[in-house]
Each structure stands twice: as structure tokens, then as C-alpha cells.
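What the coordinates show
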Amino acid sequence: MEELKHVAIIMDGNGRWAKKRGLNRSMGHKEGSKVLEELCLHAVSKKISYLSVFAFSTENFKRSKEEVDFLMNLFIEMFRKKFKELHKHGVKVVFSGRREPLRQDVLASMDEIVEKTKDNDKLVFNICLNYGGHTEIIDTTKKICQNVIDGKITLDDIDDNLFSKELYQDLPPIDLLIRTSGEYRVSNFMLWQMSYSEFYFTDTLFPDFHKEEFDKAILAYYERDRKFGGVKLEK
Ligand code: FPP
């Protein structure tokens, strides 16, 4: 089986987790943030090189102001304080998404954690924040067109490899995509990067998706047969 290099997670079910306990939806996000830290450290110990997560989609701005504000403040708190442990373990944080219309204080906390962890080399932790898959492809297309207009590249230079490198982050393809909480959708997440991903869906809500659950997904991945459009070679 192909080495597991890049895992991506759609962290769904925080709201339902909270509701089941009679709590405010935001408490589900808070609990989810603790699980995320646990999973990131687990990925380091499993020698996974890239972990991508869907923290906030461009569509999530449609949620109540209270919930959006809570999430933005939680991001700041995580990046400024809680990510110290991740930094200690060699995690390099990068972001994917548009900066507009994120708040200045959120952007500042993102820039700080990127700068602080830029020389770490154990795991690249790609956080998709104010992210949309179509938007990423459109933004990348515009960037490449501009390079053609400026004469930096020619039309013939545009291929799979060049396109991948010009995306928000230059990452390898996603090997394993996990979505929690029993939803079977990709919700405009990393569309380019998931072209040959193995999908793992679980009913477990994200705040309950601890490292033992993560291990189950990793195990399932190693039991799959990846053919990349070809046929499996018999030994
Ligand atoms: C989806 O669950 C989850 C989100 C929109 C937010 C994910 C954010 C975190 C886990 C917080 C920590 C993140 C970082 C990067 C520090 P939902 O609210 O849609 O759940 P529901 O479907 O049950 O309503």
C-alpha cells in the first residue's frame, strides 16, 4: 500500500455534539479544538507528513454572528496559546483560504503562528480557514493567467504539476480524506487535491473523534487497494 503522507479531515458534528448535551453549539467547537490538537500530535507520532483540516468555509460566514465571533476568537486563542505544544513537537502551520473578509486580529494571529513555526519540519499542518475549493481553483487560475500575461510562463508550461504548485499551498495529493458525523459529502473542500483520495466516513461526531478513532481510519486506509486508474498488479 502507498505510504500515508497526507491526511485531510472535514471536522463535522461539533454543533450536534453540543446539542446532545444541552450545550451551546460553540461548546462543541471548543471541544473540537481540543480533539484537533490531540490528532495533530498523533499525526506527528505516526510520521504523517501533512495534515489538512477544514476549520471554516467561506459559507460558514452565513452562521449567526455569535457563532462566527466565537469561532474567530477560538482561532486566535488556539494560534496564540494552545499551539505552543504543536510548535514544540515540530509542527509547521500554514493556511489555505482568502484573507478577505477575515478580521485584522485573526489575520495577525495567523501570521504570527506561520512565522513562529516556519522552520519546523515534522508535520505540515494546513488549516483551511475562510476556504472554498472552487475559489482556490479560480484564484490559482487567475494567478497562472497573470504569469502568462507577464511573460513569466507560456501556455504550454501549464500542466498538472505547475497547477498544483500554484495552489494556496504546495502540498502533495490527499491520500486519505476523513469526514466525521455521518455526512457523505465533500462540501467544496480541497477539490483539486482529493482527485485520488481514499474516503473514510464515520458516524462519530468530531469532538468524539479521538486518536483511537484516527487509528481506525489509518488502518482502513492500509486495507484499501489504490489503483490510480490502472489495474492492480498481481504478485
Ligand atoms: C463543523 O461542525 C465544524 C466547524 C464549522 C468548525 C471546526 C472548528 C474547530 C474544530 C475548531 C478548532 C479549529 C482550529 C483550526 C483551531 P458543525 O458546526 O457544522 O456541526 P453540526 O453539523 O453538528 O452543526
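Below is a short write-up of the structure. (Residues numbered from 1 in each chain as written. Predicted model: local features only at pLDDT ≥ 70, side-chain atom pairs only at ≥ 80, totals over all residues. Heavy atoms only, no water.)

**What about the nonpolar core?**
With 47 residues, the main nonpolar core has Phe-79, Phe-125 and Ile-127 as its most contacted residues. Considering each element in turn, this core owes the most residues, eight residues, to helix H3 (residues 65–82). Beyond its immediate chain neighbours, meaning those up to four positions away, Phe-125 contacts Leu-36, Cys-40, Leu-51, Val-53, Phe-83, Leu-86, Val-91, Lys-92, Val-93 and Val-94. Ala-8, Val-124, Met-190 and Met-194 belong to the second largest nonpolar core, which has 13 residues in total. (Core = buried A, V, L, I, M, F, W, Y, C linked by side-chain atoms within 4.5 Å. Buried < 20%, exposed > 50% of the residue type's maximum accessible area, 1.4 Å probe, protein only. Helix = DSSP H or I, 4+ residues; strand = E, 2+ residues; numbered from the N terminus. Contact = heavy atoms within 4.5 Å.)

**Side note on the site of the ligand**
Close to the ligand lie 18 residues; Met-11, Gly-15, Arg-16, Arg-25 and Arg-63 are nearest. One of the side-chain N or O atoms of Asp-12 is found 3.1 Å from an oxygen atom in the ligand. Here an oxygen atom of the ligand sits 2.8 Å away from a polar atom, N or O, in the side chain of Arg-63. In isolation the ligand exposes 630 Å². Once the protein is present, 92% of that is buried. The set of elements that each furnish at least two residues to the shell around the ligand consists of helix H1 (14–20), helix H2 (25–45) and H3. Among the residues forming the shell around the ligand, the class breakdown is seven nonpolar, seven polar and four charged. (Near = heavy atom within 4 Å. Polar contact = N/O pair within 3.5 Å; in protein donor to acceptor, adjacent residues only side chain to side chain. Areas by Shrake-Rupley, 256 points an atom, 1.4 Å probe, with all protein chains shown as cover. Nonpolar A, V, L, I, M, F, W, Y, C, P; charged D, E, K, R; others polar.)

**Quick notes on the layout of surface pockets**
If you add up the space inside the largest pocket, you get close to 630 Å³. Forming the boundary of the largest pocket are 30 residues, of which Met-11, Asn-14, Phe-54, Ala-55 and Asn-60 lie nearest the centre. Contributions of two or more residues to the lining of the largest pocket are made by H1, H2, strand E2 (50–57) and H3. By residue class, the composition of the lining of the largest pocket is 14 nonpolar, nine polar and seven charged. (1 Å grid on protein atoms, 1.4 Å probe; cavity = no way out; pocket = protein on both sides within 12 Å on 5 of 7 lines; lining within 4 Å. Points joined across faces, edges and corners; volume = space filled by probe spheres on them.)

**Describing the side chain of Thr-180**
Within the secondary structure, Thr-180 sits in the loop between strand E5 (176–179) and strand E6 (198–201). For Thr-180, a relative accessible area of 0% gives the class buried. Setting aside anything within four residues of it in sequence, one finds Thr-180 in contact with Ile-10, Met-11, Asp-12, Thr-202, Thr-204, Leu-205, Phe-206 and Phe-209.

**Let's talk about the sheet that holds strand E1 (residues 6–10)**
Taking strand neighbours across the sheet as the criterion, the six strands line up as E3-E4-E2-E1-E5-E6 in an open arrangement whose pairing is parallel. Of all strands in the sheet, those with a lone pairing partner are strand E3 (91–96) and E6, marking the two edges. Between one strand axis and the next, the sheet turns by 20° as a mean value, whatever way the strands run. As paired strands, E1 and E5 are joined by four bridges and run parallel to one another. (Pairing = 2+ DSSP bridges. Axes fitted to C-alpha atoms, helices over the stretch in contact; angles between N-to-C directions.)

**Thoughts on unusual backbone geometry**
Backbone torsion omega between Glu-100 and Pro-101 reads -5°, so that peptide bond is classified as cis. Assignment of secondary structure puts Pro-101 in the loop between E3 and helix H5 (104–117). Phi at Asn-130 is positive, roughly 55°, even though this residue is not glycine. Relative to the assigned elements, Asn-130 resides in strand E4 (residues 123–131). Of note in this structure, Ser-181 is not a glycine but carries a positive phi near 75°. Overall, the relative accessible area of 7% leaves Ser-181 in the buried class.

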